[in-house]
Amino acid sequence: MTSVITNQATSQNKFEKFKAEKDGLAVRQDLEQFAQLGWEAIDETDRDHRLKWLGIFFRPVTPGKFMMRLRMPSGILTSPQMQVLAEIVQRYGADGSADITTRQNLQLRGIRIEDIPDIFDRLKSVGLTSVQSGMDNVRNITASPVAGLDADELIDVRDLVQAVQDMITNRGEGNSEFTNLPRKFNIAIEGGRDNSVHAEINDIAFIPAFKAGEQSEPTIGFNVLVGGFFSAKRCASAVPLNVWVAPEQVVQLCRAILEVYRDHGLRANRQKSRLMWLIDEWGLEKFRAMVEQRLEYPLLPAAEKDEIDWDKRDHIGVYRQKQSGLNFVGLHVPVGRLYAADMFELARLSEVYGSGELRLTVEQNVILPHVSDARLEALLQEPLLEKFSVNPSPLVRSLVSCTGAQFCNFALIETKSRALAMAKALDEQLELTRPVRIHWTGCPNSCGQPQVADIGLMGTKARKNGKAVDGVDLYGGGTVGKDAHLGECVEKGIACDDLEDRLRNVLIEQFGAKPKQS
Ligand code: SRM
Ligand code: SF4
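A brief structural summary. All values reported here derive from a predicted model rather than from experimental measurement.

**What about the overall build of the chain?**
- Looking only at helices and strands, the chain has 15 helices and 24 strands in total.
- Rg of the C-alpha trace for the chain: 22 Å, near the compact-globule value of 24 Å for 518 residues, within the 12% margin.
- Over its C-alpha atoms, taken along the principal directions, the chain stretches across nearly 65 × 65 × 55 Å.
- Expressed as a percentage of the 518 residues in the chain, the buried residues total 60%.
- Relative to all contacts within the chain whose residues are 6 or more apart in sequence, the contacts with residues 24 or more apart total 69%.
- Carbon and sulfur atoms make up 48% of the accessible area of the chain, which amounts to about 20,500 Å² in all.
- For the chain, the separation between the mean place of its 62 positive charges and that of its 70 negative charges on side chains is 4 Å.

Now the structure itself:
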């Protein structure tokens, strides 16, 4: 079934035009031909845009070397899956690498168009898909990275997350019902107490809440938030929809909201196409009523309170699981960057010490679950843990960075290498008594989520000695976990050359850091 777009704008922008001409998923039929033609001969709209419906991103910064964005529901993957991804990346030698993303996902680098048919076969053989992971589609669905492991969680959401992904993507085969949304769309389902998913920055977020029954015991389900998003033009926190749903209603509710958004979302101006703009136009009451109309049954009002009552955890280090005698071990992956050798090794460690499972976090790190008490000490002695530490220095530990200028053509500055070098330098100079989460993002699109950080840094061009130089806007005041609150820009245009000194002062004055005695 193709979507019924009722508010098709009369003056269509170029994205709406090319989507109407040919569905993004249709390029799947052209892949063999693209592979034979080579990247330079592919029609530009297919190459630069429609391929993103299959998770294949043309990179103008490295032409001919594509990026592939996967889907990893709840950030979970298996050792054979990691092994296959390592083999794919290894093929490209120095060009091959992978990044853990801020949506608990993996992106592969260096991909050649001629290899894509074979790569898709390999992904399928291990149950992976990259379908509908870019452009006007629903992104990777995030969840607590310790779902099913955490003794204090309220709902193990892994199956739900998978079911929502299966509904949206037709079990990874592609689903043209949801390939022409007005814009990108983010969904998060939290089952734990610490808001590990940043619910407030998703278009739909489910957060655990008990609903009191008239005669029965309170049941656990979810309160629903809608409309959270970041863009260069506007950032908005998700707002309560005043809805409580039981777990078995989650898939239906996602479908209903997506259908309403697909058929009524604003399409004329891409700067105003995210879900919140529709909610603004209609008001929350009408939006809720339209969702109910799709569902064909009334929704219950939200539970009075939700169960998010913890500070957010970073999962780095060794923690007991709810299963007796087992632990999960969070490894810190500096700015999320992995190379083939690291990926092979992670796959091996998960087999030797765990159950062959790996988890990814929105802080761009890896968790090895199901490590028995008996095997723990040996795991901690493994050489890979020197690189991916369980006890990194404080600023490096909490560092997050978007892709930046190395691969992203929107970037105004290089981020990952600069972020890491600066965090290491400041860790050497300062004694910290509390964690300070620093997030870097290369441009106002905010993929590195500077608004959720203690200190957010957004790439810009600054002026120094009369010249335009790499710079950042400084964000502050972001809080996470319970009562999360978005940070705001507190200082504009700091030259990157002056940033280390500026951050040093901020850390001393606002976060209680003390200079180390030299
Ligand atoms: Fe993003 C576009 C990378 C999370 C907001 N994002 C892009 C593109 C695809 C632009 C491009 O074509 O070059 C970047 C690809 C660069 C590359 O080569 O890696 C890109 N975004 C990323 C990742 C990889 C950052 C990272 O290093 O982790 C994240 C991938 C997540 C995933 O697995 O799907 C990523 N992007 C985000 C987030 C954070 C989140 O979801 O929690 C946001 C803000 C939240 C949101 O979307 O509301 C985000 N990305 C954007 C936007 C602004 C959207 C808007 O409504 O205007 C763009 C630009 C666009 O879509 O036009 C964008
Ligand atoms: Fe690229 Fe900007 Fe997103 Fe960073 S924030 S990945 S520079 S689009």
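Having seen the model, we can carry on.
**Details of the site of ligand 1**
- Taken together, 32 residues lie around ligand 1, and T101, R109, K184, T403 and C447 are the ones closest in.
- The contact in question runs from an oxygen atom of ligand 1 to an N or O atom on the side chain of K184, over 2.7 Å.
- When the residues that make up the shell around ligand 1 are grouped by side-chain class, the tally is ten nonpolar, 13 polar and nine charged.

**With respect to the pairing of strand 16 (residues 357-360)**
- In strand 16, alternate side chains face the same way, and those of E357 and R359 on one face and L358 and L360 on the other are all buried.
- In this structure, strand 3 (residues 76-78) lies alongside strand 16, joined through three bridges in antiparallel fashion. Bridge pairing links L77 to L358 in strand 16.

**Some points on the pairing of strand 17 (residues 366-372)**
- Taking burial as the measure, the seven residues of strand 17 include six buried ones, the bulk of the element.
- Here strand 16 runs beside strand 17; their pairing, made up of two bridges, is antiparallel. From the neighbouring strand, L360 faces strand 17, where its bridge partner is V366.
- Remark: five residues form the turn of the hairpin made by strand 16 and strand 17, two consecutive strands paired antiparallel; Q364 in that turn has positive phi of roughly 70 degrees.

**Section: the pattern of salt bridges**
- The full count for this structure, using the stated rule, is 49 salt bridges.
- Ionic pairing is found between E16 and K19, a salt bridge with its closest N-O pair at 3.0 Å. In this pair, E16 and K19 both sit in helix 1 (residues 14-21), three residues apart, roughly one turn of the helix.
- Judged by its relative accessible area of 2%, E16 falls in the buried class.
- Residue classification places K19 among the buried positions, given a relative accessible area of 6%.
- When salt bridges that share partners are traced, they join E177, R255, E259, R262, D263 and R294 into one network.

**Re the sheet that holds strand 4 (residues 97-100)**
- Pairing is antiparallel across the open sheet formed by five strands, whose spatial order is 1-2-5-4-15. On the outer flanks of this sheet lie strand 1 (56-57) and strand 15 (337-338), each paired with one strand and no other.
- Pairing of strand 2 (residues 66-69) with strand 5 (residues 106-111), which is carried by four bridges, proceeds in the antiparallel orientation. Counted as the bridge partner of M68 is L108 from strand 5.

**Overview of the packing of helix 7 (residues 250-264) against helix 8 (residues 275-282)**
- With their axes 11 Å apart at the nearest point, helix 7 and helix 8 run at an angle of 80 degrees to one another. By the angle class used here, helix 7 and helix 8 are roughly perpendicular. Residues I257, V260, Y261 and H264 of helix 7 lie in contact with helix 8, whose contacting residues are L275, L278 and W282.
- Class assignment of the residues belonging to the contact of helix 7 with helix 8 gives a composition of six nonpolar, one polar and no charged.

Conventions we followed
- Residues numbered from 1 in each chain as written.
- Chains lettered and ligands numbered in written order.
- Predicted model: local features only at pLDDT ≥ 70, side-chain atom pairs only at ≥ 80, totals over all residues.
- Heavy atoms only, no water.
- Helix = DSSP H or I, 4+ residues; strand = E, 2+ residues; numbered from the N terminus.
- Rg over C-alpha atoms; globule rule 2.2 N^0.38 Å.
- Buried < 20%, exposed > 50% of the residue type's maximum accessible area, 1.4 Å probe, protein only.
- Contact = heavy atoms within 4.5 Å.
- Areas by Shrake-Rupley, 256 points an atom, 1.4 Å probe, with all protein chains shown as cover.
- Lys, Arg positive; Asp, Glu negative; His and termini not counted.
- Charge placed at Lys NZ, Arg CZ, Asp CG, Glu CD.
- Near = heavy atom within 4 Å.
- Polar contact = N/O pair within 3.5 Å; in protein donor to acceptor, adjacent residues only side chain to side chain.
- Nonpolar A, V, L, I, M, F, W, Y, C, P; charged D, E, K, R; others polar.
- Pairing = 2+ DSSP bridges.
- Salt bridge = Lys/Arg side-chain N within 4 Å of Asp/Glu carboxyl O.
- Axes fitted to C-alpha atoms, helices over the stretch in contact; angles between N-to-C directions.
- Parallel < 35°, antiparallel > 145°, perpendicular 65-115°, else oblique.

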